[in-house]
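Notes for the structure review
Residue strings, one per chain:
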Amino acid sequence: EDKVVQSPLSLVVHEGDTVTLNCSYEVTNFRSLLWYKQEKKAPTFLFMLTSSGIEKKSGRLSSILDKKELFSILNITATQTGDSAVYLCAVEAKTSGTYKYIFGTGTRLKVLA
Amino acid sequence: GAGVSQSPRYKVAKRGQDVALRCDPISGHVSLFWYQQALGQGPEFLTYFQNEAQLDKSGLPSDRFFAERPEGSVSTLKIQRTQQEDSAVYLCASSSPGLAGRYGTDTQYFGPGTRLTVL
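Residues numbered from 1 in each chain as written. Chains lettered and ligands numbered in written order. Predicted model: local features only at pLDDT ≥ 70, side-chain atom pairs only at ≥ 80, totals over all residues. Heavy atoms only, no water.

Some words on the nonpolar core
- Val4(A), Tyr25(A), Leu33(A), Trp35(A), Tyr87(A), Val91(A) and Leu109(A) are the most contacted members of the largest nonpolar core, which has 23 residues in total.
- Every element with two or more residues in this core is listed here: strand E3 (19–26), strand E4 (30–38), strand E5 (44–49), strand E7 (61–66), strand E8 (71–76), strand E9 (85–95) and strand E11 (107–112) of chain A.
- Counting residues per element, this core draws most heavily on E9(A), which supplies 5 residues.
- Ignoring sequence-local partners within four residues, the contact set of Tyr87(A) consists of Gln6(A), Leu21(A), Tyr36(A), Lys37(A), Leu46(A), Leu74(A), Ile76(A), Gly106(A), Thr107(A) and Leu109(A).
- The next biggest cluster of nonpolar side chains, apart from the first, holds 20 residues, and it includes Val4(B), Ile26(B), Leu77(B) and Ala88(B). (Core = buried A, V, L, I, M, F, W, Y, C linked by side-chain atoms within 4.5 Å. Buried < 20%, exposed > 50% of the residue type's maximum accessible area, 1.4 Å probe, protein only. Helix = DSSP H or I, 4+ residues; strand = E, 2+ residues; numbered from the N terminus. Contact = heavy atoms within 4.5 Å.)

In structure tokens form, the structure reads like this:
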């Protein structure tokens, strides 16, 4: 059965810390891996990764994919209280004949001032 | 519109009632997805439309769940005879095909969700 596992489930850090969030997956017909940030509203898109070893970066956030070891990491440097959210990892894979997203349970990040 | 919108944002239903949840996708987006997100969990796929065609409904948990998108834009998710286990946030997402024309496989943009509570 296809699955996406995120770790840790929750994390509490202080402003200025650097955090690394993990996402591992076991799916057939992998196409891409995505990271979303979810506050008390719609998940907002962060990154889409399709190729191994190519880092994607946006400000203090960066992410990389390892298709051999089947995982991705999301790094956040110099964390701020506004980074507090649930970070969702989704893998786009083909199941039941169509490509769809399979989500992990998310990592809940709390950044303290 | 500027983003995906959903209504109502909150819905409380008594067990056994029927509910209808609406999704307005981003204008021009061909693909539309519905997800169910239980408390503390990631979203789980329910169903997928390409224009008005429902191409995948493998995630619908029972025949009480029904979705439609008759004109290829607005979609409605209907839940009949609601049960307490239906309580969740229902998210809608839309996407458009990329340069390669790969329908349903490009970045999905999510609406704010409808929080359904069944008493």
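Alright, that's what it looks like, and here's the rest.
Some details on the state of the cysteines
Residue and element names in this part refer to chain A.
- A complete count under the given rule lists 2 disulfides over all chains for this structure.
- At a sulfur-sulfur separation of 2.0 Å, the disulfide partner of Cys23 is Cys89. Note on the Cys23 and Cys89 pair: the S-S dihedral is about -70°, so by sign convention the disulfide is left-handed. With Cys23 in strand E3 and Cys89 in strand E9, the pair connects residues that are 66 residues apart, well separated along the chain. (Disulfide = S-S within 2.5 Å.)

Describing the packing of aromatic side chains
All names here are of chain A.
- If you walk through the whole model with that rule in mind, you get 14 aromatic pairs over all chains.
- Each ring, one from Tyr36 and one from Tyr101, has its centre 6.5 Å from the other, and the planes form 55°; the classification is tilted. With Tyr36 in strand E4 and Tyr101 in strand E10 (residues 98–103), the pair connects residues that are 65 residues apart, well separated along the chain. The exposure classification of Tyr36 matches that of Tyr101, with both residues buried.
- Plain terms: the ring middles of Tyr36 and Phe103 are 6.1 Å apart, the flat faces sit at 50° to each other, and that makes the pair tilted. Of the two residues, Tyr36 sits in strand E4 while Phe103 sits in strand E10, which places them 67 residues apart along the sequence. (Phe/Tyr/Trp six-rings, centres within 6.5 Å; stacked < 30°, edge-to-face > 60°.)

Examining the interface of chain B and chain A
- Each side of the interface is counted separately: chain B has 22 residues, and chain A has 19 residues.
- Of the roughly 1,600 Å² buried between chain B and chain A, counting both surfaces, carbon and sulfur atoms make up 58%.
- Scanning the region where chain B abuts chain A turns up 1 salt bridge.
- For Lys100(A), the salt bridge goes to Asp56(B), with nearest N and O atoms at 2.6 Å.
- The interface formed by chain B and chain A includes 5 residue pairs in polar contact (both at pLDDT 80 or more).
- Put simply, the parts of the chain that give the side of chain B that touches chain A at least two residues each are strand E4 (31–37), strand E5 (44–50), strand E6 (53–56) and strand E10 (109–110) of chain B. (Buried area = accessible area lost by both parts, 1.4 Å probe. Salt bridge = Lys/Arg side-chain N within 4 Å of Asp/Glu carboxyl O. Polar contact = N/O pair within 3.5 Å; in protein donor to acceptor, adjacent residues only side chain to side chain.)

Points about the environment of Ser63(A)
Residue and element names in this part refer to chain A.
- Counting through the fold element by element, Ser63 comes out in strand E7.
- Under the relative-accessibility criterion, Ser63 is labelled buried at 1%.
- Residues contacting Ser63, with those up to four places away along its chain left out, are Trp35, Phe47, Leu49, Ile54, Glu55, Lys56, Ser72, Ile73 and Leu74.
- Of note is the side chain of Ser63, whose polar atom sits 3.4 Å from the side chain of Ser72.

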